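Residue strings, one per chain:
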Amino acid sequence: MKKLLAIVLCLVFCLSLVACGGNTGSDSAKVAKYVNENKEELISAMESSFSASSAMGCEVDVKAVGNGMVIDVNIAGFNDIPDEQKELLQSTYDAMSSTFDTMLDNLKAEVPEFGYITINVNEEDGDNLATINAGK
C-alpha cells in the first residue's frame, strides 16, 4: 500500500515537469510536435521518479493522439493486483483530479491546442490499474 502511495506521489511530481515545448501547424500537429520534441525528457522524468520512489522501475511510453497526449506507465513487479487495491488507487487519482487539470492548463499555456491528457497506470504485463483523464 505504501508503494502505491509513493507511486501516486511520484507520478504527480513527474507530471508537473511536463510544461515545456513550442507550437506550429494544425491543432493535432502542434500537439504531436510538442510530444515528439519532449518525448525522451518526459519518459526519462517518469522513469527516474518511479525508480527513485521505490525499488520498482517502470516502462513508460508517451504518444500524441489527436489533440491530446497518452502516457502509459507499466510498473515493474506489479502483477495480479487485487481489484480492491485497483479501486483504491483509482479513487486516489480521482481525488487528485484538480492536480491533473492544472497540469493540462500548464500544457495549454505552452500549446493552447492541447485538449486532454490520459495516463494509464498499468501492471507490468499491461493490465490497467488506474486511468487518469484530464480534459476528457
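Residues numbered from 1 in each chain as written. Predicted model: local features only at pLDDT ≥ 70, side-chain atom pairs only at ≥ 80, totals over all residues. Heavy atoms only, no water.

### Focus: the sheet that holds strand 3 (residues 116-123)
- The strand order 1-2-3-4 describes an open sheet built from 4 strands, whose pairing is mixed. Each edge of the open sheet is held by one strand with a lone partner, namely strand 1 (58-65) and strand 4 (128-134). Each strand axis lies, on average, 10 degrees off the axis of its neighbour in the sheet, ignoring direction.
- Sheet topology places strand 3 next to strand 4; 6 bridges connect them, and they run antiparallel. By the bridge assignment, Ile119 is partnered in strand 4 with Ile132.
- Each of strand 2 (68-75), strand 3 and strand 4 is contacted by helix 4 (residues 97-110), which is oriented at about 130 degrees to strand 3, the strand it contacts most. (Pairing = 2+ DSSP bridges. Helix = DSSP H or I, 4+ residues; strand = E, 2+ residues; numbered from the N terminus. Axes fitted to C-alpha atoms, helices over the stretch in contact; angles between N-to-C directions. Contact = heavy atoms within 4.5 Å.)

### Quick look at the pairing of strand 2
- Counting buried positions along strand 2 gives 8 out of 8 residues, so the element sits mostly inside the fold.
- Burial along strand 2 is two-sided: the residues Gly68, Val70, Asp72 and Asn74 and Met69, Ile71, Val73 and Ile75 are all buried.
- Note: strand 1 against strand 2, 8 bridges, orientation antiparallel. Bridged to Val62 within strand 2 is Ile71.
- The turn joining strand 1 and strand 2, which pair antiparallel and follow one another in sequence, is formed by 2 residues; a positive phi near 60 degrees is taken by Gly66.
- Bridge count between strand 2 and strand 3: 8 bridges; the pairing is parallel. In the strand pairing of strand 3, Val70 is matched with Thr118. (Buried < 20%, exposed > 50% of the residue type's maximum accessible area, 1.4 Å probe, protein only.)

### Observations regarding the pattern of salt bridges
- Within the structure shown, the criterion is met by 6 salt bridges.
- The closest approach of N and O atoms between Lys30 and Glu113, which form a salt bridge, is 3.0 Å. Of this pair, Lys30 sits in helix 2 (residues 27-53) while Glu113 is found in the loop between helix 4 and strand 3, placing the two residues 83 residues apart along the sequence. Note on accessibility: Lys30 and Glu113 belong to one class, buried.
- With a closest N to O distance of 3.8 Å, Asp61 and Lys39 form a salt bridge. In this pair, Asp61 is assigned in strand 1 and Lys39 in helix 2, connecting sequence segments 22 residues apart.
- According to the relative accessible area criterion, Lys39 is partly exposed, its value standing at 25%.
- The structure contains a network of salt bridges with shared partners spanning Lys39, Asp61, Lys63 and Asp72. (Salt bridge = Lys/Arg side-chain N within 4 Å of Asp/Glu carboxyl O.)

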